[in-house]
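# Geometric and topological summary
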Amino acid sequence: MTAHTYAYKDPILTLNNISMSFQGEPILRDINAQVLDVTRPNMKQGQVVGFYGRSGIGKSVLCRIMAGLIRPSSGTVEVGQAQQAVLPGMVGFVQQRYPLFDHRTLFDNLLVAAQRKYGPAEARQHVSTYLERFGLTTHARKYPALLSGGQRQRAAIAQQLLCSDHLILLDEPFSGLDVAMIDEVKRIIVEVTTMDELNTVVIVSHDLVTTTALADRLWLLGYERDAAGALVPGATISAQHQYNLAEMGLAWHQNVEAEPEFAQFVEHIKDEIRRS
Ligand SMILES: Nc1ncnc2c1ncn2[C@@H]1O[C@H](COP(=O)(O)OP(=O)(O)OP(=O)(O)O)[C@@H](O)[C@H]1O
């Protein structure tokens, strides 16, 4: 186990008392959680939040709320150093199907995204930089149908980074990928979070080992019980289900999966998910 030196600065994502009901049925309840800008000496260190919970508990609903795509029944989401109320387009959201326009080349797909934030010349420059960075330059003129699953995933992440302000949500980025592609996506996430200190990636995943190994913070969405032991309707992220992996000495290690403390922690998380 290696503990790294780190410190925290300003909040860059705040979930303030979020509750959500659909037709009177509570799905999410009183969610309060925050991501702070983490700093490490001589490094650009971004943030990775692993976001877990049983199937159907409300992870996608909370992601859509964090991305400003739906409004919660109550509460607010604040993003960035300025802690502005989130609006659609501020947060990148890479959904499971990696939607790209089929009738545009990869370059043009990324250009459409970049032009939402930059002028024409600057947008082209940024697209070229991201293609290079993500190893996609030789595929720039291909249409999405000709790209492999891993290439589409990389393209979708690049696309969201080009048009959002530092924060991106990845919904199940490892599902349906082979081991080589999982390694590739892991490399991209590390690349993204070391490009800029403010870059923050929230990963929704059922792959606890891969995600926990990348994360410096975990959120577990689950149900609480009242004094009589009955489940309280609406899932929440309770204080004891917000884990700080940096504090636990489990963040930013290569091959952390091989450490016994890591394996024990993943077992603990599995038990907590089963119980929640
Ligand atoms: N627009 C909606 N109207 C009514 N109910 C909804 C709506 N969107 C989601 N739900 C309900 O909210 C609950 C949570 O769904 P959600 O998709 O967020 O789960 P999840 O945790 O992402 O699940 P999974 O891990 O299986 O993807 C489900 O019961 C779902 O039916």
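You'll find the protein entered in an unreviewed UniProt entry as ABC transporter ATP-binding protein, with Hymenobacter negativus given as the organism.

### A few points about the packing of helix 4 (residues 149-163) against helix 5 (residues 179-193)
Taken N-terminus to C-terminus, the directions of helix 4 and helix 5 make an angle of 15°; their axes are 10 Å apart at the nearest point. In terms of their interaxial angle, helix 4 and helix 5 are classed as roughly parallel. Here helix 4 runs over helix 5; the crossing is right-handed. Between helix 4, through Gly149, Gly150, Gln153, Arg154, Ile157 and Leu161, and helix 5, the contact on the second element is made entirely by Met181, Glu184, Val185, Ile188 and Val192. Residue classes in the contact of helix 4 with helix 5 are distributed as 6 nonpolar, 3 polar and 2 charged.

### Observations regarding the site of the ligand
Taken together, Phe22, Ile27, Gly53, Ser55, Gly56, Ile57, Gly58, Lys59, Ser60 and Val61 make up the full set of residues near the ligand. In terms of residue count, helix 1 (residues 59-66) provides more of the shell around the ligand than any other element does, 3 residues in total. Considered class by class, the residues forming the shell around the ligand number 4 nonpolar, 5 polar and 1 charged.

### Focus: the domain arrangement of the protein
Its domain assignment divides the protein into domain 1 (7-91 + 167-275) and domain 2 (103-163). Taking the mean C-alpha position of each, domain 1 and domain 2 sit 26 Å from one another. Contact residues are listed per partner, giving 11 residues for domain 1 and 11 residues for domain 2. For the side of domain 1 that touches domain 2, the element with the highest residue contribution is helix 5, accounting for 6 residues. Class assignment of the residues belonging to the side of domain 1 that touches domain 2 gives a composition of 7 nonpolar, 2 polar and 2 charged.

### Some points on the sheet that holds strand 3 (residues 47-52)
Taken in spatial order, the 6 strands make up an open sheet running 6-7-8-3-9-10, and their pairing is mixed. Since the sheet does not close on itself, it has two edges, and those belong to strand 6 (92-94) and strand 10 (242-244), each with one partner. For this sheet, the mean angle separating the axes of adjacent strands, direction not counted, is 15°. Sheet strands in contact with helix 4 are strand 6 and strand 7 (167-171), and its direction is about 170° off that of strand 6.

### Topic: the packing of helix 2 (residues 106-114) against helix 4
It is at 7 Å that the axes of helix 2 and helix 4 come closest, and there the two elements cross at 25°. Considering their axes alone, helix 2 and helix 4 lie roughly parallel with respect to each other. Crossing angle aside, the handedness with which helix 2 passes helix 4 is right-handed. Within the contact between the two elements, helix 2 uses Leu106, Asn109, Leu110, Ala113 and Ala114 and helix 4 uses Ala155, Ala158, Gln159, Leu162 and Cys163.

### Quick word on the nonpolar core
If you look at soluble globular proteins, the nonpolar side chains tend to sit buried side by side. Judged by nonpolar contacts, the single largest core of 74 residues is most densely connected at Met66, Val91, Leu110 and Leu169. Take this core: its biggest share by element is 6 residues, from helix 4. Looking at which domains feed residues into this core, each of domain 1 (7-91 + 167-275) and domain 2 (103-163) supplies at least three. What Met66 contacts, discounting residues up to four positions off in sequence, is Val77, Val86, Val91 and Leu169.

### Description of the environment of Gly222
Of note, Gly222 is situated in the loop between strand 9 (217-220) and strand 10. Residues Gly222 and Val209, spaced 13 residues apart in sequence, show a C-alpha to C-alpha distance of 19 Å.

### As for the sheet that holds strand 1 (residues 7-22)
Spatial ordering of the open sheet is given by 2-1-4-5, a layout of 4 strands whose pairing is antiparallel. With partners counted over all chains shown, the strands left at the sheet margins are strand 2 (25-39) and strand 5 (84-85), one partner each. In this sheet, strand 4 (residues 74-79) lies alongside strand 1 in antiparallel orientation, the contact comprising 5 bridges. By the bridge assignment, Leu13 is partnered in strand 4 with Val79.

Cut-offs and rules
- Residues numbered from 1 in each chain as written.
- Predicted model: local features only at pLDDT ≥ 70, side-chain atom pairs only at ≥ 80, totals over all residues.
- Axes fitted to C-alpha atoms, helices over the stretch in contact; angles between N-to-C directions.
- Helix = DSSP H or I, 4+ residues; strand = E, 2+ residues; numbered from the N terminus.
- Parallel < 35°, antiparallel > 145°, perpendicular 65-115°, else oblique.
- Left-handed = near helix turned anticlockwise from the far one by under 90°.
- Contact = placed C-beta atoms within 7 Å.
- Nonpolar A, V, L, I, M, F, W, Y, C, P; charged D, E, K, R; others polar.
- Near = placed C-beta within 6 Å.
- Domains from an automatic or database assignment.
- Pairing = 2+ DSSP bridges.
- Core = buried A, V, L, I, M, F, W, Y, C linked by C-beta atoms within 7 Å.
- Buried ≥ 20, exposed ≤ 12 C-beta atoms within 10 Å, placed from the backbone.

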